[in-house]
Amino acid sequence: KSEKLAFLVGLTLGDGHVGKLSRTESLRITLGTDKPLLWQYVAKVIREIFNKEPYVRKRKDASCVDIRIYQNHLSQRLEIPLGSRKELLISLPLWILRSNSFLIACLKGLFEAEASFSIHARTYTYNFSFSNLNVSLLDEVEEALVGLGFHPERRSNAVRLRRKKEALAFAELI
């Protein structure tokens, strides 16, 4: 267990997929080509954690990069259920929830994958928003933010930090 693994769990829950194949499992994380430092870092983290070189391929039909690894028991090792995240009941692993440093690393992965930060200039409104269609994952993110002392606002498909000090403090934290 490490901060890098916690980050990878968060990123996988946000932009990844763990699937079952006939004789093995696959982990695929898809990131935009506009974030080369991020996808290079993710490939390095996967290499370190699984001691195996991931496949990194730019898609021809989209501006994104797939980072993929094939190995047995990926779901069990990451503590992420197999299949489409949209329909799964997701809970963060206990080892992540029991450590603030692991929790922050996991949230960093989640927010790298599914968040946006904006400032509405006219109203000077801050918005650090984590968006996702999985309600149980939104519940986990909301509870984690509350546990870290933040006051998130909940929407049907997002958890948002709207207070200026909190949005900036969380951005600094992760």
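Preceding this section is the structure that the text describes.
Visitor: I'd like to hear about the packing of helix H1 (residues 3–15) against helix H5 (residues 100–114), residue by residue, with values.
Guide: Relative orientation of the contacting elements H1 and H5 amounts to 35°, with a least axis distance of 7 Å. The element H1 and its partner H5 pack so that their crossing is right-handed. Facing Glu3, Ala6, Phe7, Val9, Gly10, Leu11, Leu13, Gly14 and Asp15 of H1, the residues of H5 in contact are Ser101, Phe102, Ala105, Cys106, Lys108, Gly109, Leu110, Glu112, Ala113 and Glu114.

Visitor: Can you tell me about the environment of Glu114, naming the residues and giving the values?
Guide: Along the chain, Glu114 turns up in helix H5. Between the alpha carbons of Glu114 and Ser131 there is a distance of 5.7 Å; along the sequence they are 17 residues apart.

Visitor: Got a sec to walk through the environment of Leu103? Specific residues and values, please.
Guide: By the element assignment, Leu103 lies in helix H5. What makes Leu103 buried here is its relative accessible area of 5%. Setting aside chain neighbours within four positions, we find Leu103 in contact with Leu92, Ile96, Leu97, Ala144 and Leu148.

Visitor: Outline unusual backbone geometry, supporting the account with residue identities and numerical values.
Guide: Across residues other than glycine, the phi torsion is negative in most instances, and most of the peptide bonds are trans. Residues other than glycine seldom take positive phi values, yet Asn51 does so here, at roughly 55°. Note on placement: Asn51 falls in the loop between helix H2 (36–50) and strand S3 (55–58).

Visitor: So, the packing of aromatic side chains: which residues are in play, and what are the values?
Guide: This structure, assessed with the given rule, holds 11 aromatic pairs. Arranged with centres 6.3 Å apart and planes meeting at 65°, the rings of Phe117 and Tyr126 form a pair that is edge-to-face. Phe117 gets classed as partly exposed once you look at its relative accessible area, which sits at 37%. On the numbers, 5.3 Å between centres and 80° between planes, the contact of Phe117 with Phe128 is edge-to-face. You can see Phe117 sitting in strand S5 (residues 115–120) and its partner Phe128 sitting in strand S6 (residues 125–131), a full 11 residues away along the chain. Here Phe128 falls in the buried class, since its relative accessible area comes to 8%.

Visitor: Quick rundown of the sheet that holds strand S7 (residues 153–155)? Include the residues and the values.
Guide: Note on sheets: strands pair through backbone hydrogen bonds, and any given pair is parallel or antiparallel. Taken in spatial order, the four strands of this open sheet run S5-S6-S8-S7, and their pairing is antiparallel. Edge strands, defined here as strands with exactly one partner in the open sheet, are S5 and S7. With strand direction ignored, the average angle separating the axes of adjacent strands in the sheet is 25°. Alignment of S5 against S6, held across six bridges, turns out to be antiparallel. Bridging from a neighbouring strand, Ser116 pairs with Ser129 of S6. Relative to strand S8 (residues 158–161), helix H6 (residues 135–147) is tilted by about 20°, and along the sheet it contacts S6, S7 and S8. The strands touched by helix H7 (residues 164–173) within the sheet are S5, S6 and S8, with S6 carrying the most contacts at an inclination of about 50°.

How each quantity is defined
Residues numbered from 1 in each chain as written. Predicted model: local features only at pLDDT ≥ 70, side-chain atom pairs only at ≥ 80, totals over all residues. Heavy atoms only, no water. Axes fitted to C-alpha atoms, helices over the stretch in contact; angles between N-to-C directions. Helix = DSSP H or I, 4+ residues; strand = E, 2+ residues; numbered from the N terminus. Left-handed = near helix turned anticlockwise from the far one by under 90°. Contact = heavy atoms within 4.5 Å. Buried < 20%, exposed > 50% of the residue type's maximum accessible area, 1.4 Å probe, protein only. Phe/Tyr/Trp six-rings, centres within 6.5 Å; stacked < 30°, edge-to-face > 60°. Pairing = 2+ DSSP bridges.

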